[in-house]
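# Observations on chain architecture
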Amino acid sequence: MITTNSTNTPIFSLKNVCKGFGSAESRSEVLHDIHLDINNGELLAMVGFSGTGKTTLIKLLAGLETPDSGTVLFKDQPVTGTDPKRGVIFQNYSLLPWLTVTGNVGLAVDQLYRDRSKKERRDIIEHYVEMVGLSDAMFKRPAELSGGMRQRVSVARALSADPECLLMDEPLSALDALTRAVLQDQILEIWREQKKTVVLITNSVDEAILMADRIIPFTPGTPSTLGPEFVVPLARPRSRRSMNRNDLFKRLRNDIIHFLESEKKKNQATVVAESLVEIKQAS
Amino acid sequence: MKQKLINALDLIGFTWLIPLVRLATREEPGEQIKQFFTMVGLPVIGLVLFFVAWGLVASNIKTSVGKLPGPAKVWSSAGDMLTQHKIQKDKRARHYEKEAVRKQKYEEKFPGKIYEESQFSGSETIVDYIRTSLITVFFGFFMAVLIAVPLGVLCGLSKNFTAAINPIIQLCRPVSPLAWVLIVIVVVDGLFSFKGDIWRNTFLHAAITVCLCSLWATLSNTALGVSAVAQDHLNVARVLNLSPLKKVWKIILPSAVPYIFTGMRITLGIGWMVLIVSEMMASQKGLGHYIDLLYQNNNNESLAKIIVCIFIIGSIGFLLDRSMFVLQRAVSFGREVSA
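Residues numbered from 1 in each chain as written. Chains lettered and ligands numbered in written order. Predicted model: local features only at pLDDT ≥ 70, side-chain atom pairs only at ≥ 80, totals over all residues.

## Observations concerning the overall build of chain B
Within chain B one finds 12 helices and two strands. Seen in sequence order, chain B has helices and strands lined up from the N terminus as α-α-α-β-β-α-α-α-α-α-α-α-α-α. Rg of the C-alpha trace for chain B: 26 Å, well past the compact-globule value of 20 Å for 339 residues, more than 25% over. The principal-axis extents of the C-alpha atoms in chain B amount to approximately 75 × 65 × 50 Å. Put simply, 71% of the contacts in chain B that link residues at least 6 apart link residues at least 24 apart. (Helix = DSSP H or I, 4+ residues; strand = E, 2+ residues; numbered from the N terminus. Rg over C-alpha atoms; globule rule 2.2 N^0.38 Å. Contact = placed C-beta atoms within 7 Å.)

## With respect to the overall build of chain A
Within chain A one finds eight helices and 10 strands. Its C-alpha atoms give chain A a radius of gyration of 20 Å, within 12% of the compact-globule value 19 Å for 283 residues. Over its C-alpha atoms, taken along the principal directions, chain A stretches across nearly 75 × 50 × 40 Å. Relative to its 283 residues, chain A shows a buried fraction of 39%. Excluding contacts between residues fewer than 6 apart, the proportion of contacts in chain A whose partners are at least 24 apart in sequence is 72%. (Buried ≥ 20, exposed ≤ 12 C-beta atoms within 10 Å, placed from the backbone.)

## Here's the deal with the confidence of the model for chain B
Residue and element names in this part refer to chain B. The predicted model of chain B has a mean per-residue pLDDT of 88, with 95% of residues at 70 or higher. Put simply, helix H1 (residues 2–11) is where chain B has its lowest mean pLDDT, 82, and helix H5 (residues 126–157) is where it has its highest, 93. Taken over the whole predicted complex, pTM reads 0.80, whereas the ipTM for its chain interfaces reads 0.81. (pLDDT = per-residue confidence, 0-100.)

## Comments concerning the pairing of strand S6 (residues 86–89) of chain A
Residues and elements named next belong to chain A. Of the two faces of S6, the one carrying Arg86 and Val88 and the one carrying Gly87 and Ile89 are both buried. Of the pairings in the sheet, the one linking S6 to strand S7 (residues 165–169) comprises four bridges and is parallel in character. Among the inter-strand pairings, Gly87 is bridged to a residue of S7, identified as Leu166. (Pairing = 2+ DSSP bridges.)

## Quick look at the domain arrangement of chain B
Each assigned domain of chain B is listed here: domain 1 (2–58) and domain 2 (126–330). Each of domain 1 of chain B and domain 2 of chain B has a C-alpha centre, and the two are 32 Å apart. (Domains from an automatic or database assignment.)

## Some remarks on the sheet that holds S7(A)
Residue and element names in this part refer to chain A. Pairing in this open sheet of six strands is mixed, and the strands run S6-S7-S8-S3-S9-S10 from one edge to the other. The open sheet has two free edges, formed respectively by S6 and strand S10 (230–231), since each of these has just one partner strand. Examined bridge by bridge, strand S3 (residues 43–47) and strand S8 (residues 197–202) share five bridges and lie parallel to one another. Looking at S8, one finds that Val47 is bridged to Thr202. Along the sheet, helix H4 (residues 147–160) makes contact with S6 and S7, crossing S6 at roughly 175 degrees. (Axes fitted to C-alpha atoms, helices over the stretch in contact; angles between N-to-C directions.)

## Structural notes on the interface of chain B and chain A
Taken residue by residue, the interface counts 14 residues in chain B and 16 residues in chain A. Elements with a contribution of two residues or more to the side of chain B that touches chain A: helix H9 (231–239) and helix H10 (244–282) of chain B. A per-element tally of the side of chain B that touches chain A places H9(B) first, with six residues.

## Observations regarding the packing of helix H11 (residues 286–297) of chain B against helix H12 (residues 300–330) of chain B
All names here are of chain B. Interhelical geometry of H11 versus H12 gives an angle of 160 degrees and a closest axis separation of 9 Å. In terms of orientation, H11 and H12 fall into the roughly antiparallel class. For the crossing formed where H11 meets H12, the hand is left-handed. Of the residues in H12, those touching H11 at Leu287, Tyr290, Ile291, Leu294, Tyr295 and Asn297 are Ser302, Lys305, Ile306, Cys309 and Ile313. (Parallel < 35°, antiparallel > 145°, perpendicular 65-115°, else oblique. Left-handed = near helix turned anticlockwise from the far one by under 90°.)

## Let's talk about the packing of H4(A) against helix H5 (residues 177–194) of chain A
Residue and element names in this part refer to chain A. Contact pair H4 / H5: the axes reach a minimum separation of 10 Å and the direction vectors enclose 15 degrees. In terms of orientation, H4 lies roughly parallel with respect to H5. Crossing angle aside, the handedness with which H4 passes H5 is right-handed. On the side of H4, the interface is formed by Gly147, Gly148, Gln151 and Leu159, while H5 contributes Thr179, Val182, Leu183 and Ile190. Looking at the contact of H4 with H5 residue by residue, the classes come out as four nonpolar, four polar and no charged. (Nonpolar A, V, L, I, M, F, W, Y, C, P; charged D, E, K, R; others polar.)

This is how it looks when you write it as C-alpha cells:
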C-alpha cells in the first residue's frame, strides 16, 4: 500500500527550460532543455553530483532566477518573481545573525500577517517554533545554535509563511549523520501533516529513497539535464533499519547510482572525444 | 559565576584582568601568571623603561625655555594643575553660596522683584578644558555620523550615486584640518555675525572642522558594509517579498552595522586628533586652546604643563577608542573585531 499526498494536477510545470550564466561568448549553460512536472502534494527528490545546476533549478522554481528560454509554470501561471507561497529553505540556512530565533521567524510572520494583531502574530511565531521543537531556544541567536537547530529555524521560517510548496536546496547536507536522520523524520512528519508539495534537492541517494515518492536524477556535467524518473514504491513509514535488507530499496539504489555513474562516464568520454577533435583540428 | 565575570570582562575589553580571575580560582596558576605577565607585566616594563630613559635624557636637552622637563617635573605640574582646579572649584562654590544669601535678602526687601545673579568669573581650569573638548568632539562626531551614514547607505545601494559623488569624496578626504579650519572660521563667523560674540569663537568652529575631517571614514565604511550584504540574506528578503524600504531597514542596515561601527571608531579617532589643532587655531576654549595659551607664556613651567596635556590627550584618545571597540564588538554578533 503506497500512501502519498499527491494528486494528479501538476503544481509546477517546466517546459524546454534552459539557463546559463555569463553573457554572449563567455556564456556557459548550466541547465539544458529541462522538462519537469511536479505533482501537487508529492515529495519529489532530485539527486545529482555537485555543480550540476541543482541550486539553479531551485532558484528557477522559487522565482529568484528567470529561465533564458522555456517556461516555468506554477499552478498554470508563469513564474515572474518570488512569492511567499513558494517557501525556500537554503543549504546554508540564511538566518540573520543579529536576530533571535523568534526574530528570524518573526521576519516572515510580520511580513505575511500584517493585518493581525501583535498578540496573534506572537502566537503564530511560537506555534511554528514549537513545531520544529525549538521552544527552549526562542531567544537565542544563530551563533548560539548548532547546525541542526539553525536549519530547523530556517524550516520554521519557511513554514510560517504557510507556503503551498517547500523548495529545499540540500537542506541537510551540512549536518552530521545523526542530526540528519532526526531532521529527515521531522521533515517527513511536517510533510505528512501539512500536505504541502516538497521538492528536496539532495546529494544522497539513500536520503532520496527514504523520503521521496519520486526521484529524478540530474545528468552529470554541464550543461546538465534531467534523467528518467524513479518511482519509489516503498510503503510509509519507511524504517531506516529495515531498508538495508529490503530488496526493492537495494535495487532502486543500484539503479540510480548506476544511472549517475554511467552518465558520468559517457560525459567524460565525450569530453575526451571533443578535446581529441580539437587537438586534431589544431594540428 | 566565574564564567559570567570572565565574559563580562571580555565584553568591556578588560581582557588583561581575566588571568587574575582565573588565578583567584586556582585554574592552572602557572599558565595564568604567564598570561598576566605578557598582558600587564610587559607593558608596564615598557612604560617604566620609557620614563627612565626620558628622565635620563631630559636634563641634557636644551629648549628655548630652559631644560626639557623630566617626568618628576611634569608630575608635579600635573599636581599643580589639579590643585588649581580645586581652588577654583572652592571659589566658585563660595561665590554661589554668597549669591544665594544675597538673593534671599533682596527678595525679602523688595518682594516681587527679580534678583539678577552675578556669574562666577574665575579662570578656567584643566577640567573645564577637558569637558569643553569632549563636548566639542562628540558634537562634531555626531554631526559627522548623521551626514556620513545616510550618504554611505545611498552609496552602497546605488552605483550611480557612488560614481557621482566619488570625485568629491576623493578630493575632500586628503585635505588637512588646518586648511579646513580657516574656511570654517570665515564661513561660521559670517553666518552668525549678527548674533554677537556668543556664537563667535565658541566650539562651533572646532566641531565643524572635526566633522568635515572625520566623516569620510564612516562614509566609506558604511558604503562598503551596505554593498557587502550577503546574497543569501538578500534572497531571504526576496522570497518574503519585503518592500525596498523594509529590505533596507530589516536586512541591509543591520547587516552593515558592524562596518558602520568600524567607521565610527575611526571617525572618532581622527576627530579627536583634528580637534586639538582646530581648537588651537579657532577656538578660545578647550585643550587645544589651553596648549596654545601655555605656548604663548613661553616659560619652562608652561612647557611642563603642555607635556601634561599631551598625556591627557593621549589617554582620552585611548579611552575613546576602547569604548568604541566595546560598542563595535557588541554589534558584531560573533564576527571578529580587530583590537
